[in-house]
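Okay, here's what each chain looks like letter by letter:
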Amino acid sequence: MMSVETEIRFKLNGREVCLKVPVTMKTLTMLRDKLGMTGTKYACGEGECGACTIRIDGKTVNSCLMYAVDCDGRELVTIEGLRTPEGLHPMQQAFVDHGAIQCGFCMPGMIMQADYLVENNPKLTREEAQRGLEGNLCRCTGYTKVLDAVEAVVEKKCCGRC
Amino acid sequence: MQEITTYLAPSRLDAALQAMVDGDATVLCGGTDLAPQTESGARLYTAKLLNIRRIEGLGDIDAGGDKVRIGAVATINEIRRHPALAAIAPVLVEAAEHFASDQIRNAASVGGNICNASPAGDMIPPLLVLGASVELACWRGDAVQTRRIPLDQFFLSPGKTVKLPEELLTAIVFDRPAADFVGKFRKSGPRPALEISTVSVALGARVADGRLSDVRVAMGSVAPTPLRARHVEAALEGKPLDAASIAAAVTATAEDAKPIDDVRASAWYRGHLVRVFVEEVLNDVRGN
């Protein structure tokens, strides 16, 4: 389908971005195909699986459902934006340390959502983590180790480095 | 599919309504319904794509006075985390709690959930038992005109409402529930998250000395639209909440719920779930 394009400006992982997008393009497509940021994954494309989870103005959303035009004037953080100059983000490191990764495809979304949950609730319980991650599916069904990793971050005992 | 010729993201309501005058605007807010529906072809875009998220004040929640007002673009998570709403209308917060996933709750708007007019829309039964109305605005005679429609008169059929193409749903309003108001919500699906409700039931009533008054019962996914269960309400109104009135209410569900067989459940199972949920919510209230 033909659709009009519009210019948008936003912050992506702290960096100003300005580009033209078709008005029906979704944020996930813009990130992956226009900006080459392939850390955010495309899986179901309809908001069921959470593999495309990013932060917009601090809140997690499914980027496959979010219209790219709606990024205008806002701040985006993707999995690429979590890493610090010192190394991996504590949540990333905890996932590594706890072997919370099988095929790895759902991990960027899982880590984005888990980090959001802990940021909003530093005393997040395992049950709350389970509820908060309901929108993130792992086809390898590696949920136990994911919850172990999140729990370790909450208890700050994951690796000694974080 | 028609070509989109214009994209607008106004910061003022009057500008948005002016853009809607010709009835050719597709309204975008969170996109959580619009994106999958247009991707699958179930819905077509019109000439204008109108993003209403930037309209100032359209997401405000005012729960401090005698009238509660929830702006249409308030997200489900904003409702879920609103302390004043949790205090006076916990039934709404409870439904928000069980809505889709956290990521969708951060994007989806309450106005969108209503305008999508799904028989399974999760915010609708609790708003029905709160006696909510929706405010519809349009640009007419060089001014913003608004009308209020009780929510139980808003829905016509799946995806269809009385809202005209030039009208925008701007807010949901209801009277502050009385101090003795009790509300309950139940939904069912194969898993707790991201579930399009197989059946949902909400109850709202005033409870004094073990007797129910101003009883409202609402159901989702048992008819072409969410509905008020008038026969169940009649079985409970003014009655002491006891085994006899609960049994009468459960029997009356058959008069109100007219479910169908579809991919999610059989009509028989839906009828069964409605009976179970009505009994459960009433026993919950009785237990309190």
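All values reported here derive from a predicted model rather than from experimental measurement. Residues take numbers from 1 onward in each chain, read along the sequence in its written order. By the order in which they are written, chains take letters starting at A while ligands take numbers starting at 1. Reporting in this predicted model follows two pLDDT cut-offs: at least 70 for local features of residues, and 80 or more for side-chain atom pairs to be given and counted; totals over whole chains, interfaces and linings ignore these cut-offs and use all residues.

## Digging into the overall build of chain B
In step 1: Scanning chain B from N- to C-terminus turns up 11 helices and 14 strands.
In step 2: Just to be clear, the radius of gyration here is over C-alpha atoms, and the globule rule we use is 2.2 Å times residues to the power 0.38. Computed over C-alpha atoms, the radius of gyration of chain B comes to 19 Å, within 12% of the 19 Å expected from 2.2 N^0.38 for 288 residues, which places it in the range of a compact globule.
In step 3: Projected onto its principal axes, the C-alpha coordinates of chain B cover approximately 60 × 45 × 35 Å.
In step 4: Throughout, a pair of residues is in contact if the C-beta atoms placed from their backbones lie within 7 Å. Look at the contacts in chain B between residues 6 or more apart in sequence, and 64% of them connect residues 24 or more apart. Helix and strand definitions here come from DSSP, where helices need a minimum of 4 consecutive H or I residues and strands a minimum of 2 consecutive E residues; each element is numbered from the N-terminal end.

## Side note on the sheet that holds strand 5 (residues 75-77) of chain A
All names here are of chain A.
In step 1: As summarised here, the arrangement of the five strands in space is 2-1-5-3-4, forming an open sheet in which the pairing is mixed. The sheet terminates laterally at strand 2 (15-22) and strand 4 (59-62), the two strands that pair on one side only. Across the sheet, the mean angle from the axis of one strand to that of its neighbour is 40°, orientation sign disregarded.
In step 2: Looking at chain direction, strand 3 (residues 53-56) and strand 5 are connected through two bridges and run antiparallel. The partner of R55 across the bridge, within strand 5, is V77.
In step 3: In this fold helix 3 (residues 107-120) packs onto strand 3 and strand 4, with an angle of close to 40° to the strand it touches most, strand 3. One bridge is not enough; two strands pair if DSSP finds at least two bridges between them. Axis lines are fitted through C-alpha atoms, for helices just across the contact stretch, and the angle between N-to-C directions can take any value from 0 to 180 degrees.

## Considerations on the sheet that holds strand 2 (residues 25-28) of chain B
All names here are of chain B.
In step 1: If you trace the three strands from one edge of the open sheet to the other, you get 1-3-2, paired in parallel fashion. Both outer strands of the open sheet, strand 1 (6-8) and strand 2, are each paired with one neighbouring strand and no more. Averaged over neighbouring strand pairs, the angle between their axes works out to 20° when direction is ignored.
In step 2: Two strands pair when backbone bridges link them, and strand 2 and strand 3 (residues 48-51) are joined in this way by four bridges, in the parallel orientation. The residue bridging A25 from the neighbouring strand is K48, located in strand 3.

## Points about the domain arrangement of chain B
In step 1: Taken as a whole, chain B is organised into domain 1 (6-51), domain 2 (61-175) and domain 3 (181-287).
In step 2: For the purposes of this description, domain bounds are those given by an automatic or database domain assignment. Each of domain 1 of chain B and domain 3 of chain B was reduced to a C-alpha centroid, and the two centroids are 35 Å apart.

## Some points on the interface of chain A and chain B
In step 1: Facing the 27 residues of chain A at the interface are 25 residues of chain B.
In step 2: Considering each element in turn, the side of chain A that touches chain B owes the most residues, four residues, to strand 4 of chain A.
In step 3: Here the side of chain A that touches chain B is composed, by residue class, of nine nonpolar, 11 polar and seven charged. Side-chain classes are defined by residue name, with Ala, Val, Leu, Ile, Met, Phe, Trp, Tyr, Cys and Pro counting as nonpolar, Asp, Glu, Lys and Arg as charged, and the others, Gly among them, as polar.

## Considerations on the pairing of strand 2 of chain A
Residue and element names in this part refer to chain A.
In step 1: Sheet topology places strand 1 (residues 5-12) next to strand 2; eight bridges connect them, and they run antiparallel. Note that in strand 2 the partner of I8 across the bridge is L19.
In step 2: The antiparallel hairpin formed by strand 1 and strand 2 contains two residues in its connecting segment, where N13 sits at a positive phi of about 50°.

## Brief notes about the packing of helix 3 of chain A against helix 5 (residues 143-154) of chain A
Residue and element names in this part refer to chain A.
In step 1: For the pair helix 3 and helix 5, interaxial distance at closest approach is 11 Å and the crossing angle is 35°. The chirality of how helix 3 crosses helix 5 is right-handed. Of the residues in helix 5, those touching helix 3 at M110, A114 and V118 are V146, V150, V153 and V154.
In step 2: Tallied by class, residues from the contact of helix 3 with helix 5 come to seven nonpolar, no polar and no charged. Put simply, a crossing is left-handed when the front helix is turned counterclockwise from the back one by less than a right angle, and right-handed when it is turned clockwise.

## Digging into helix 1 (residues 27-34) of chain A
Residue and element names in this part refer to chain A.
In step 1: Listed in full, the buried residues belonging to helix 1 are T27, L28, M30 and L31. For helix 1, the angular spread of buried residues about the axis comes to 170°, placing them on one side.
In step 2: In the core, the buried residues of helix 1 are packed alongside strand 2. Exposure classes come from backbone-placed C-beta atoms, where a residue is buried if 20 or more other C-beta atoms lie within 10 Å of its own, exposed if 12 or fewer do, and partly exposed in between. Here the arc refers to the set of directions running from the helix axis out to each C-beta atom.

## Comments concerning the domain arrangement of chain A
Residues and elements named next belong to chain A.
In step 1: Partitioning chain A into structural domains gives domain 1 (5-81) and domain 2 (90-154).
In step 2: Taking only C-alpha atoms, the centre of domain 1 and the centre of domain 2 are 21 Å apart.
In step 3: Contacts between the two partners involve 13 residues from domain 1, matched on the other side by 11 residues from domain 2.
In step 4: Its residues placed into classes, the side of domain 1 that touches domain 2 shows six nonpolar, five polar and two charged.

## Points about the environment of A35(B)
In step 1: Within the element layout of this structure, A35(B) appears in helix 2 (residues 34-40).
In step 2: Not counting chain neighbours up to four residues away, the residues in contact with A35(B) comprise K26(A) and L65(A).

## Quick look at the packing of helix 2 (residues 90-97) of chain A against helix 5 of chain A
All names here are of chain A.
In step 1: Closest axis-to-axis distance for the helix 2/helix 5 pair is 8 Å, and the angle between their directions is 130°. Taken together, helix 2 and helix 5 sit at an angle that is classed as oblique. Regarding helix 2 and helix 5, the two cross each other, and that crossing is right-handed. In contact with P90, M91, A94 and F95 of helix 2, helix 5 contributes A149, A152 and V153. Here the word oblique covers every angle except those under 35 degrees (roughly parallel), over 145 (roughly antiparallel) and from 65 to 115 (roughly perpendicular).

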